[in-house]
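Examination of the molecular architecture
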Amino acid sequence: APAPPPARHHFNEPGEVEALRGNLLAWYDRCKRDLPWRALAAAEPDADRRGYAVWVSEIMLQQTQVATVIDYYNRWMQKWPTLQALAQASLEEVNELWAGLGYYSRGKRLQEAARKVVSELAGHMPRTAEDLQKLLPGVGRYTAGAIASISYGQATGVVDGNVIRVLCRLRCIGADSSSPAVIDRLWDMANALVDRSRPGDFNQALMELGATVCVPKAPLCGECPVKQHCRARHRKLFGKPVPVSDIEDCGVGDCPLCPPATEPWDSSLGVTNFPRKAAKKQPRAMRTATCVLEQRSCRGAPKYLIVQRPSSGLLAGLWEFPSLPLPQDLQEEKEREVLADHLQAWMGQPVAAKGLQFIGEVIHIFSHIHQTYVVYSLHLDGDVTLDPASSPSRWVTAEEFHASAVSTAMKKVLR
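Numbers given to residues run from 1 along each chain, matching the order in which its sequence is written. Totals for whole chains, interfaces and linings use all residues, but because this is a predicted model, local features are given only for residues with pLDDT of at least 70 and pairs of side-chain atoms are given and counted only at 80 or more. Only hydrogens and water are set aside; all other atoms, that is, all heavy atoms of the structure, feed into the side-chain values.

So, the UniProt feature "domain: HhH-GPD" (unreviewed entry) in the protein
- UniProt positions are given in the numbering used here, feature names are shortened, and annotations may be inferred rather than shown by experiment. Here, the residues flagged by UniProt with the feature "domain: HhH-GPD" (unreviewed entry) are residues 60–212.
- Here a helix means four or more residues in a row that DSSP labels H or I, a strand means two or more in a row labelled E, and each is numbered from the N terminus. Its end C-alpha atoms 19 Å apart, residues 60–212 is made of 67% helix and 0% strand.

Focus: empty space enclosed by the protein
- Cavities and pockets were defined on a 1 Å grid built over protein atoms only: a cavity is a set of grid points that admits a 1.4 Å probe from which the probe cannot escape, a pocket is an open set flanked by protein on both sides within 12 Å along at least five of seven lines, and lining residues are those with an atom within 4 Å of any such point. Grid points are joined across faces, edges and corners, and a volume is the space filled by probe spheres set on the points. This model, assessed by the stated rule, comprises 2 cavities of 30 Å³ or more.
- Volume-wise, the largest cavity comes out at about 100 Å³.
- Taken together, 13 residues form the lining of the largest cavity, with Arg169, Cys214, Cys221, Cys224 and Cys230 sitting closest to its centre.
- Broken down by element, the residue count for the lining of the largest cavity peaks at 3 residues, all from helix 10 (residues 161–170).
- For the lining of the largest cavity, a count of residues per class yields 10 nonpolar, no polar and 3 charged.
- In this structure, the second largest cavity spans a volume of roughly 40 Å³.
- Lining the second largest cavity we find Trp55, Ile59, Gln62, Arg106, Arg109, Leu110, Pro137, Gly138 and Val139.
- The set of elements that each furnish at least two residues to the lining of the second largest cavity consists of helix 3 (47–61) and helix 7 (105–120). As a working rule, the residues Ala, Val, Leu, Ile, Met, Phe, Trp, Tyr, Cys and Pro are called nonpolar, Asp, Glu, Lys and Arg charged, and the rest polar, with Gly in that last group.

Quick notes on the layout of surface pockets
- Of the volumes computed, that of the second largest pocket is approximately 490 Å³.
- Along the walls of the second largest pocket sit 22 residues, with Gly102, Tyr103, Tyr104, Leu315 and Phe366 positioned nearest its centre.
- For the lining of the second largest pocket, the secondary structure elements donating two or more residues are helix 7, strand 5 (357–365) and helix 16 (408–414).
- Split into classes, the residues belonging to the lining of the second largest pocket amount to 9 nonpolar, 12 polar and 1 charged.
- Domain start and end points were adopted from an automatic or database domain assignment. Residues lining the lining of the second largest pocket come from more than one domain, with at least three contributed by each of domain 1 (7–213) and domain 2 (284–414).

Topic: the pairing of strand 1 (residues 284–296)
- We treat two strands as partners when DSSP finds at least two bridges between them. Sheet topology places strand 1 next to strand 6 (residues 369–381); 13 bridges connect them, and they run parallel. Residue pairing for strand 6: Met286 is matched across the bridge by Gln371.
- Sheet topology places strand 1 next to strand 2 (residues 303–308); 2 bridges connect them, and they run antiparallel. By the bridge assignment, Glu294 is partnered in strand 2 with Tyr304.

Focus on the domain arrangement of the protein
- What the domain assignment reports for the protein is domain 1 (7–213) and domain 2 (284–414).
- The gap between the C-alpha centroids of domain 1 and domain 2 is 38 Å.
- Across the contact, 8 residues belong to domain 1 and 15 residues belong to domain 2.
- Salt-bridge detection follows one rule: a side-chain nitrogen of Lys or Arg within 4 Å of a carboxyl oxygen of Asp or Glu. At the boundary of domain 1 and domain 2, one finds 0 salt bridges.
- Identification of polar contacts relies on pairs of N or O atoms within 3.5 Å, with a donor-acceptor requirement for protein atoms, meaning one able to donate a hydrogen and the other able to accept it, and with residues adjacent in sequence counted only if both atoms are side-chain atoms. At the junction of domain 1 with domain 2, the criterion picks out 1 residue pair in polar contact (both at pLDDT 80 or more).
- Broken down by element, the side of domain 1 that touches domain 2 gets its largest block of residues, 3 residues, from helix 6 (residues 91–98).
- For the side of domain 1 that touches domain 2, the residue count by class is 3 nonpolar, 2 polar and 3 charged. Between two residues, a contact is recorded if the distance between any of their heavy atoms is within 4.5 Å.

Some points on the side chain of Asp195
- Mapped onto the secondary structure, Asp195 falls in the loop between helix 11 (180–193) and helix 12 (199–212).
- Here Asp195 occupies a buried position and makes no salt bridge, while the nearest side chain of opposite charge, Arg21, is found at 4.6 Å.
- Only 2.8 Å separates the side chain of Asp195 from the backbone nitrogen of Arg198, close enough to count as a polar contact.
- With residues up to four places along the chain from it excluded, the contact list for Asp195 reads Arg21, Leu25 and Phe202. The classification of residues rests on relative accessible area computed with a 1.4 Å probe and restricted to protein chains. Under 20% of the type maximum is buried, over 50% is exposed, and intermediate values are partly exposed. Note that His is not counted, nor are the chain ends; the positive residues are Lys and Arg, and the negative ones are Asp and Glu.

Structure follows, in structure tokens:
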């Protein structure tokens with residue numbers, strides 16, 4: 001077993017944990033944000049519906065800001081207020097509502113898990129973090145802890161980005177906060193701190209503190225309800241670590257939680273010295289040719305050809321304009337030729353490369369991909385019958401396009 005962390009990184013003063021819990025919960029009761037999932041969970045007497053309401057919010061909030069999620073959450077719960085309703089929905093409907101929220105596999109896994117609850121668990125949500133994580137696809141350690149503590153009162157901690165930041169500052173944890181060793185320590189700390197009588201409120205308070213006060217840049221230390229427990233703030237004010245009797249200064253040893261010797265405390269950063277992360281990998285660059293095929297007729301509004309992406313991988317199952325990846329540094333003339341060949345496969349008839357009109361480039365940043373769409377357009381007169389042997393495709397009006405399960409990147413392309 002790994003050695004326990006030095007006492008400097010523990011909550012080891014008499015009564016410190018109890019005081020921190022009390023101060024944090026009192027602040028949360030006064031200052032918590034009015035969020036729809038909190039109101040819904042608090043008002044819901046049925047345990048399964050309460051768990052579902054929290055579950056949906058936690059999945060949507062992964063990698064996405066609260067302000068963006070609120071509207072999506074309200075529309076989702078209005079359309080599918082129960083697990084049973086979601087289980088009966090189609091993936092196409094889920095993707096349409098999720099469009100623009102990003103990380104589309106989240107919605108797909110949420111629906112898969114809802115179907116599993118209905119078909120294999122008699123419609124009842126698992127009640128513990130351990131069972132939630134084990135039985136539901138797409139539910140990891142954090143999401144399981146959040147659902148179990150908020151919905152079912154299990155005294156289990158949570159560790160997300162906000163909690164990592166708060167705990168690292170409270171205890172001056174300066175090692176790489178994304179490393180497995182540090183994450184394990186933070187989980188141990190979160191489980192030790194969680195209030196046994198109000199675990200859900202405590203976990204939400206800790207996350208709320210990181211989201212609104214202990215923010216990444218320019219934290220509001222003067223407004224922090226637990227500032228007297230914060231060792232990073234103490235160091236900022238007094239210029240040295242908090243003294244701990246009979247404990248060797250962590251900074252001179254090989255403490256697994258202290259900053260590396262090559263990255264000492266920077267007094268100009270203050271508490272924002274913590275947490276520290278390993279340098280992010282640069283997103284890989286990709287170029288994709290995409291063509292907006294516009295079919296015009298005298299009978300109505302112009303229509304555009306959209307095709308469905310494969311059921312796995314990036315943007316799985318979403319609809320897009322016919323597109324294909326391009327090698328780097330391909331000349332424009334060759335781009336037109338390969339795109340024309342690709343369009344011919346969809347339409348079942350020859351497409352002249354010279355007829356493709358270059359419109360411009362659209363840049364869209366995914367989490368791990370710097371994507372450049374090289375956009376062309378082609379106007380077609382009269383009706384064009386699609387090849388039924390090809391993958392799913394259809395003609396849509398601009399209004400139908402925006403109502404379909406299309407990515408934000410494709411909306412940029414149409415604009």
